[in-house]
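Spelled out from the first residue to the last, the chains are:
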Amino acid sequence: MSSAGHDSPATDRLWSVEEHLEDVLTTIRPLEPIELQLLDAQGCVLVEDVMVPLSLPPFDNSSMDGYAVRVADVAGASEEFPAVLDVVGDVAAGAADLLRVGPGQAARIMTGAPLPPGAETVVPVEWTDGGLGEGPVRGMAARSLAPQGASGQVCVYRPAPERAHVRDKGSDVRAGALALKEGTVLGPPQIALLAAIGRGTVKVRPRPRVVVLSTGSELVQPGEQLEGGQIYDSNSFALTAAARDAGAIAYRVGAVADDADTLRSTIEDQLVRADLMVTSGGVSVGAYDVVKEALSHVGDEDEPGGGVEFRKLAMQPGKPQGFGTIGPDHIPLLALPGNPVSSYVSFELFVRPAIRTLMGLQDVHRPTTRARLAADEPLTSPKGRRQFLRGAYADGEVRPVGGSGSHLIAALAQADALIVVPEDTESVAPGAEVEVILLG
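*Asks:* For this particular structure, what's the right way to read the overall build of the chain?
*Replies:* When helices and strands are counted, the chain shows eight helices and 29 strands. Taking 440 residues into account, the globule formula puts the C-alpha radius of gyration at 22 Å, and the chain, at 32 Å, lies well above it. Based on the C-alpha atoms only, the size of the chain along its principal axes is roughly 95 × 55 × 45 Å. Of all 440 residues assigned to the chain, the portion counted as buried reaches 48%. By element, 50% of the accessible surface of the chain is carried by carbon and sulfur atoms, the whole surface being about 20600 Å². Averaging the locations of the 36 positively and 58 negatively charged side chains of the chain gives two centres separated by 4 Å.

What follows is the structure, given as structure tokens:
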């Protein structure tokens, strides 16, 4: 990270978006791997290849409720001339001591139950009379209600080829195969596979803990009464939700008043549960921009925790930004501007990649595409600034949503993309091709 300090020469120049992002991503390192229980590992990234210790399924089993029989005993069976077999008992899922099916015999079998010795195929119960002697049935009566169903005789009305309705051992995956590759993000299907092969824990990079706080004496929590000059705190909610969407465990801290000492102590208190800290507001050039006041001194020679540098970026919205590390563990801190759109755009460009870098992901950025600009008039952009406009993307076209004001949060709620206007472009005509960052 670049040298810190409120009066650093680096803060006098205009940083590009790429320079600021590179500074963030080269400073942040993936979190150290830990062993977690399966459900605690959801959303985490594997740091090891996981091999299959046993085949799935581990034994031949039935895919239907029906009767396990020999192929020859049901060959040529029809409703007019059914095959009549002696029922020797039940084979339920989880059965260990299996009965043997001999010539002229059948075993009533349940879905998932092991195929018993001697049986070669499974006849669905709907192809039989269920042992009732009254023609084809739709299903089996519960054993508790009709225990006699596991004995007596059954009429089979259709033939079945060998291994019909049988799931072969290892047909899903065989022992010794690769179950999951290093770098896999563990979602519900991956958790299911790990459980199915008997893994109770797995080695992953944990989801990063992100502490989000907003600053401003004018901020009031939603649900409380507004007084004159006050507004509701939306930034901390938006950024906390965005951090969770990126894969983090996010903690929202209530808005902190414009007091440097209070902000500094709040940040210090939160360091114990943070892998990354995100603030919004207080990074511009106003007399009440307390984030700069509170953090610009951090990193002095008597402060071993690193430093926070405040800089101006060649972008709109989001020109004022801060980045550094704080505390004895050098926790990364990104200080974002306070206007809602500036804050959210800054999160997408800088904080989301930081979170995904901490997770150990290879692809840390939102996907981008090219789209045709569907607009009624040209888009204008200040020269020398990369502009990010809210847009709605569909079928290769993107339409601007709302204006360019950094306070227009209602328009942000309708957007699913950011339209990128390069630094050297001052006007984009309708129908022109533009770069689009997809947010959905």
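So that's the structure; there's more coming.
*Asks:* Just to check I follow, could you spell out unusual backbone geometry for this structure?
*Replies:* A cis amide bond links L56 to the next residue, P57, at an omega of -10°. The amide bond that connects Q316 to the next residue, P317, takes the cis arrangement and shows omega of -5°. One can find P317 in the loop between strand 20 (315-316) and strand 21 (320-326). Of note in this structure, R163 is not a glycine but carries a positive phi near 60°. Relative to the helices and strands, R163 resides in the loop between strand 10 (153-156) and strand 11 (166-167). Residue R163 is classed as partly exposed on the basis of its relative accessible area of 32%. Phi is positive for H330, which is not a glycine, with a value near 55°. Structurally, H330 is set in the loop between strand 21 and strand 22 (331-336). With a relative accessible area of 40%, H330 lands in the partly exposed category.

*Asks:* How do you make sense of the packing of aromatic side chains when you look at a structure like this?
*Replies:* The geometry of an aromatic ring pair is captured by two quantities: the separation of the ring centres and the angle between the planes. By the definition in use, this model includes zero aromatic pairs. The ring of F237 has R252 sitting right over it, with the charged end atom 4.1 Å from the ring centre.

*Asks:* For this particular structure, what's the right way to read the pattern of salt bridges?
*Replies:* Pairing is possible between side chains of opposite charge, provided their charged atoms come close. Within the structure shown, the criterion is met by 17 salt bridges. Between D168 and R163 there is a salt bridge, and its shortest N-O distance comes to 2.7 Å. The residue E348 makes a salt bridge to R366 at a minimum N-O spacing of 2.9 Å. On the criterion of sequence distance, the pair formed by E348 in helix 7 (residues 340-358) and R366 in the loop between helix 7 and strand 23 (368-373) is long-range, its members being 18 residues apart. When salt bridges that share partners are traced, they join D245, E348, R352 and R366 into one network.

*Asks:* Just checking my understanding: could you explain the packing of helix 4 (residues 235-246) against helix 7 for this structure?
*Replies:* Two measures define how a pair of helices packs: the angle their axes make with one another and the distance between the axes. Closest axis-to-axis distance for the helix 4/helix 7 pair is 10 Å, and the angle between their directions is 30°. Regarding the angle of helix 4 to helix 7, the classification is roughly parallel. As for the relative orientation of helix 4 and helix 7, their crossing is right-handed in sense. Side by side, helix 4 and helix 7 meet where N235, L239, A242, A243, D245 and A246 of the first sit next to P340, S343, Y344, F347, R352, I355 and R356 of the second. Each residue belonging to the contact of helix 4 with helix 7 can be placed in one class, and the counts come to eight nonpolar, two polar and three charged.

*Asks:* For this particular structure, what's the right way to read the pairing of strand 22?
*Replies:* Side chains on a regular strand alternate between the two faces of the sheet. Strand 22 sits mainly inside the fold: six of its six residues count as buried. What you see with strand 22 is no split at all: I331, L333 and A335 on one side and P332, L334 and L336 on the other are buried throughout. The pairing of strand 18 (residues 276-280) with strand 22 spans four bridges and is parallel. Looking across to strand 22, one finds that V278 is bridged to L334. Sheet analysis places strand 21 next to strand 22, joined by five bridges and oriented antiparallel. Residue G324 lies in a different strand from strand 22, and its bridge partner there is L333. The turn linking strand 21 back onto strand 22 is made up of four residues, and G327 within it adopts a positive phi angle of 80°.

*Asks:* Sorry if this is basic, but what is going on with helix 5 (residues 260-270) here?
*Replies:* Listing the buried residues of helix 5 in full gives A260, L263, T266, I267 and Q270. Along helix 5, the residues classed as buried sweep out an arc of 130° about the axis, all on the same side. In helix 5, the exposed positions angled more than 90 degrees off the buried face are occupied by D261 and D269. In the core, the buried residues of helix 5 are packed alongside strand 14 (209-215), strand 17 (249-256), strand 18, helix 6 (290-295), strand 21 and strand 22.

*Asks:* Even after reading the chapter, I still don't get the pairing of strand 29 (residues 433-438), so can you show me in this structure?
*Replies:* Relative to strand 29, strand 23 is paired through five bridges, and the arrangement is antiparallel. Across the sheet, residue T368 finds its bridge partner in strand 29, namely I437. In this sheet, strand 29 lies alongside strand 27 (residues 417-421) in antiparallel orientation, the contact comprising four bridges. Residue pairing for strand 29: L418 is matched across the bridge by I437.

Here is what the cut-offs are and how they apply
Residues numbered from 1 in each chain as written. Predicted model: local features only at pLDDT ≥ 70, side-chain atom pairs only at ≥ 80, totals over all residues. Heavy atoms only, no water. Helix = DSSP H or I, 4+ residues; strand = E, 2+ residues; numbered from the N terminus. Rg over C-alpha atoms; globule rule 2.2 N^0.38 Å. Buried < 20%, exposed > 50% of the residue type's maximum accessible area, 1.4 Å probe, protein only. Areas by Shrake-Rupley, 256 points an atom, 1.4 Å probe, with all protein chains shown as cover. Lys, Arg positive; Asp, Glu negative; His and termini not counted. Charge placed at Lys NZ, Arg CZ, Asp CG, Glu CD. Phe/Tyr/Trp six-rings, centres within 6.5 Å; stacked < 30°, edge-to-face > 60°. Lys NZ or Arg CZ within 6 Å of the ring centre and 35° of its normal. Salt bridge = Lys/Arg side-chain N within 4 Å of Asp/Glu carboxyl O. Axes fitted to C-alpha atoms, helices over the stretch in contact; angles between N-to-C directions. Parallel < 35°, antiparallel > 145°, perpendicular 65-115°, else oblique. Left-handed = near helix turned anticlockwise from the far one by under 90°. Contact = heavy atoms within 4.5 Å. Nonpolar A, V, L, I, M, F, W, Y, C, P; charged D, E, K, R; others polar. Pairing = 2+ DSSP bridges. Arc of directions from axis to C-beta.

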